[in-house]
Amino acid sequence: MNLRTSITVIGIAGLLAFLTWGLIEAGDAGIDTGDPVPVQTLPTLPPGGEASLADFKGDWVLLNVWASWCIPCRDESPALEQFESANRGELTVLGVDTRDLSEDAMKFLEQYGINYPQIRDASGGYADDLKTTGVPESFLIDPDGNLTAHYPGPFADVAAIERFAAPAFDQGVAPTGQSQE
Amino acid sequence: MKLLLTLLLVLVVALPGFAMAATQETTLPEIEDEVMCPICGTLLGLSRAPAAERQRVFIRAMIRDGAETEEIKDALVVEYGPQVLALPDDEGINLWAYVVPILVFALAAAGVLWAVIQWRRNQRGDPPGGSASPGPATADSQRLDQDMARFDL
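Every value quoted in this text rests on a predicted model; they were computed, and no experiment measured them.

## Details of the overall build of chain A
A count of helical and extended segments in chain A gives 6 helices and 7 strands. Beginning at the N terminus, the succession of helices and strands in chain A can be written as α-β-β-β-α-β-α-β-α-β-β-α-α. Split into buried and exposed, the 181 residues of chain A put 35% on the buried side. Long-range pairs, those at least 24 residues apart, make up 69% of the contacts in chain A between residues at least 6 apart in sequence.

Spelled out as structure tokens, the structure:
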């Protein structure tokens, strides 16, 4: 094999390796159950501070990624607020407002009377780290910060949220919310 | 005098254009070509997603308030982060986005120039080292003169 053939073969092998790596990266479907959930410190909503998932270590967290322009997010918001009110102090609901205008997001929180903590992911970088495929998406995170369950799409009602959050209640947290079923 | 008249004419023709450019208002399509839709990965002008529509409402409100293009783009960066800009800013590592194409163009132009020079040199039959060819050796020169003398009519 002469030098020119060797260079060609090495070039083609390199290109194939690069394409394979790209396909593997693109096919990375999401965070596996039991794996640590990414943490990013982001501005709070309303503005004025910073917070991250790490601030809630030691608690069960239902992390809900949403945006004010997302119609399914509006649909699930009343149920999410009702669930949070009923289980406050036992499980934390943390909202992540992504790729949204801050004024629109504030109006959304007021309109639906949402009081649980919120962080603002302006660029969508955190949603990308969480490997979301859209909004809304929810993640149930154990007290060690590992993923317990993932729910892509909107919750239909409080009962759906309770079923999703059941692992938290099975492990010592008693649900106090009333199902809408 | 002729030069002065020419300058005056140029000023008369160009001034209204400068004045218009100075007073021209920012437009939505202009901004739409310079910023990205936050969820689609395309220019805002190409998107009809709900998030893009909200972004348009935001831009229109700023235009109505008399904001200029750069002010609107700065406000969009505050809202969505720097990724909202279709073109990166010209600072730090982002500067390479502008420098690399210029370098590539300059290298390509130099390559073409070199190829043209080589081609023209080959056309003339010049040796690659330079155009000046050494003359014949003294003995050869004398023999050439003798040969020429033999054929001299």
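Having seen the model, we can carry on.
## Some remarks on the nonpolar core
Residues and elements named next belong to chain A. Counting 52 residues, the largest nonpolar core has Leu63 and Ile141 as its most contacted members. If one sorts the elements of this core by residue count, strand S3 (residues 61–66) sits on top with 5 residues. Discounting chain neighbours no more than four positions away, the residues touching Ile141 are Val37, Leu53, Val61, Leu63, Asn146, Leu147 and Thr148.

## Considerations on the interface of chain B and chain A
With 10 residues of chain B at the interface, the matching set in chain A holds 9 residues. Put simply, the parts of the chain that give the side of chain B that touches chain A at least two residues each are helix H3 (50–64) and helix H4 (69–80) of chain B. With 4 residues, H3 of chain B is the largest single contributor of residues to the side of chain B that touches chain A. By residue class, the composition of the side of chain B that touches chain A is 6 nonpolar, 2 polar and 2 charged.

## Description of the pairing of strand S6 (residues 137–141) of chain A
Residues and elements named next belong to chain A. Counted residue by residue, S6 has 5 buried out of 5 residues, so it is predominantly covered. Judged by which residues are buried, S6 turns out to be covered on both faces: Glu137, Phe139 and Ile141 on one side and Ser138 and Leu140 on the other are all buried. Where S3 and S6 come together, 5 bridges link them in antiparallel fashion. Its bridge partner being in S6, Asn64 is matched across the sheet by Ser138. Both S6 and strand S7 (residues 147–152) contribute to a ladder of 5 bridges, which runs antiparallel. From the neighbouring strand, Leu140 faces S7, where its bridge partner is Ala149. Between the end of S6 and the start of S7, which pair antiparallel, lie 5 residues, with Gly145 showing a positive phi angle near 90 degrees.

## Points about the sheet that holds strand S4 (residues 92–98) of chain A
All names here are of chain A. Spatially, 5 strands are ordered S5-S4-S3-S6-S7 in an open sheet, and the strand pairing comes out mixed. The open sheet has two edge strands with one neighbour each: strand S5 (118–121) and S7. Put simply, the sheet's adjacent strands are angled 20 degrees from each other on average, direction ignored. Here S3 pairs with S4 via 6 bridges, running parallel. Bridge assignment links Leu63 to a residue of S4, and that residue is Leu94.

Scoring rules and cut-offs
- Residues numbered from 1 in each chain as written.
- Chains lettered and ligands numbered in written order.
- Predicted model: local features only at pLDDT ≥ 70, side-chain atom pairs only at ≥ 80, totals over all residues.
- Helix = DSSP H or I, 4+ residues; strand = E, 2+ residues; numbered from the N terminus.
- Buried ≥ 20, exposed ≤ 12 C-beta atoms within 10 Å, placed from the backbone.
- Contact = placed C-beta atoms within 7 Å.
- Core = buried A, V, L, I, M, F, W, Y, C linked by C-beta atoms within 7 Å.
- Nonpolar A, V, L, I, M, F, W, Y, C, P; charged D, E, K, R; others polar.
- Pairing = 2+ DSSP bridges.
- Axes fitted to C-alpha atoms, helices over the stretch in contact; angles between N-to-C directions.

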